[in-house]
Amino acid sequence: MIHKRKRTLWIKERTTIGIGGLYHGCGVTHTCMMLEKYFTGCRRESSAYIELCSSSPRRRYEESCCDRNRMDRDAFITAKVPSYRNITAKQLPEIYRSGYENYIVDFGVLNSIEQEYLRCDIRILILDTAFWRKQIAVTWLEQNKDTILKEVIPLVLFGSEREVNRWRKEYGHVFYGIPFNHDARNLSIPVVELFHSIFI
């Protein structure tokens, strides 16, 4: 069911991909950066990164490898991917007309499900099964299993195959475990296979 909806999205001239998490430090920005590498490297598709949150890891990454000759106040070129920082929701329509095939939108922590997140063509939600955070994820799933859960693709950080399969069975929805990938600039084969299974 997800795959049918997903495939029709890719027919569009552009695709917006919103990524958010339920808590700080669950890997939202890291996942965004891996998706940049996947789309530009594996699929050879033009992509742009949009930050609707304050991301320290992203900022440090840009400072270490951005093309400073083409840098302006809000847009940076990092590993051939334009990066728009300090963006508000009102600026999104203009950025979406920039001519890229994919727009990866980093929402950071979703304290509440924002309308701009729901407007994205593809919505990814990062969950975590670490014991000190698992209850937050379970509470959210119980509260939203019949509503928002049906509209997102859940990626489970540090989720064992057993845990992911249990959630699939319990909530009747597809969950994906995120393989460990230390460097977002160099994707492991399991990560590439995961993205292939979601986006192809």
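Residues numbered from 1 in each chain as written. Predicted model: local features only at pLDDT ≥ 70, side-chain atom pairs only at ≥ 80, totals over all residues. Heavy atoms only, no water.

Considerations on helix α8 (residues 189–199)
Line of reasoning, step 1. Looking only at α8, the buried set comprises Val-191, Val-192, Leu-194, Phe-195, Ile-198 and Phe-199. Seen from one end, α8 has its buried residues packed into an arc of 160°, which puts them on one side. (Buried < 20%, exposed > 50% of the residue type's maximum accessible area, 1.4 Å probe, protein only. Helix = DSSP H or I, 4+ residues; strand = E, 2+ residues; numbered from the N terminus. Arc of directions from axis to C-beta.)

A word on unusual backbone geometry
Line of reasoning, step 1. Positive phi, normally seen in glycine, also occurs at Arg-44, with a value near 55°.
Line of reasoning, step 2. Relative to the helices and strands, Arg-44 resides in the loop between α2 (28–42) and β2 (47–51).
Line of reasoning, step 3. Residue Asn-86 is not a glycine yet carries a positive backbone phi of 55°.
Line of reasoning, step 4. The topology assignment puts Asn-86 in the loop between β4 (81–84) and α4 (92–95).

A closer look at the packing of aromatic side chains
Line of reasoning, step 1. In the structure shown here, the tally under the stated rule is ten aromatic pairs.
Line of reasoning, step 2. The structure contains a cluster of three or more aromatic residues connected by ring pairs, namely Tyr-38, Phe-39, Phe-195 and Phe-199. (Phe/Tyr/Trp six-rings, centres within 6.5 Å; stacked < 30°, edge-to-face > 60°.)

Here's the deal with the packing of α2 against α8
Line of reasoning, step 1. Direction vectors running N to C along α2 and α8 enclose 80°, while the axes themselves pass 11 Å from each other. What the angle tells us is that α2 and α8 run roughly perpendicular. Two secondary-structure elements touch here, α2 through Met-34, Leu-35, Tyr-38, Phe-39 and Cys-42 and α8 through Val-191, Val-192, Phe-195, His-196 and Phe-199.
Line of reasoning, step 2. Across the contact of α2 with α8, the residue classes break down as nine nonpolar, one polar and no charged. (Axes fitted to C-alpha atoms, helices over the stretch in contact; angles between N-to-C directions. Parallel < 35°, antiparallel > 145°, perpendicular 65-115°, else oblique. Contact = heavy atoms within 4.5 Å. Nonpolar A, V, L, I, M, F, W, Y, C, P; charged D, E, K, R; others polar.)

Regarding the pattern of salt bridges
Line of reasoning, step 1. Scanning all chains against the criterion turns up nine salt bridges.
Line of reasoning, step 2. A salt bridge links Arg-166 to Glu-170, with the nearest nitrogen and oxygen atoms 3.0 Å apart. Residue Arg-166 and its partner Glu-170 are both found in helix α7 (residues 161–171); the two are separated by four residues, about one turn of the helix.
Line of reasoning, step 3. Taking the relative accessible area as the measure of exposure, Arg-166 reaches 38% and is therefore partly exposed. (Salt bridge = Lys/Arg side-chain N within 4 Å of Asp/Glu carboxyl O.)

Things to note about α2
Line of reasoning, step 1. Here α2 is 15 residues long and its end C-alpha atoms lie 20 Å apart, about the 21 Å a rise of 1.5 Å per residue gives.
Line of reasoning, step 2. Phi for Arg-44, located one or two positions after α2, is positive at around 55°. (Expected span 1.5 Å × (residues − 1).)

Regarding the confidence of the model for the protein chain
Line of reasoning, step 1. Per-residue confidence for the protein chain gives a mean pLDDT of 82; residues scoring 70 or more make up 80%.
Line of reasoning, step 2. Mean pLDDT values for the elements of the protein chain range from 41 in helix α1 (residues 2–9) up to 95 in strand β1 (residues 15–21).
Line of reasoning, step 3. Segment residues 1–11 is flagged for pLDDT under 50; beyond a separation of four residues in sequence, or across chains, it makes 23 contacts in the model.
Line of reasoning, step 4. A low-confidence stretch, residues 71–77 stays under pLDDT 50, and its non-local contacts, those more than four residues away or across chains, total 20 contacts. (pLDDT = per-residue confidence, 0-100.)

A look at the pairing of β4
Line of reasoning, step 1. Residue alternation in β4 divides its side chains into two sets, Val-81 and Ser-83 and Pro-82 and Tyr-84, and both sets are buried.
Line of reasoning, step 2. By the bridge criterion, two bridges tie β2 to β4 in an arrangement that is parallel. Directly across from Tyr-49, in β4, lies its bridge partner Ser-83. (Pairing = 2+ DSSP bridges.)

Notes on the environment of Thr-129
Line of reasoning, step 1. Residue placement: Thr-129 occurs in the loop between β6 (122–128) and α6 (134–144).
Line of reasoning, step 2. Linking Thr-129 and Phe-158, residues 29 residues apart in sequence, is a C-alpha distance of 6.3 Å.
Line of reasoning, step 3. Beyond its immediate stretch of four places on either side in the chain, Thr-129 contacts Lys-134, Val-156, Leu-157, Phe-158, Gly-159, Glu-163 and Trp-167.

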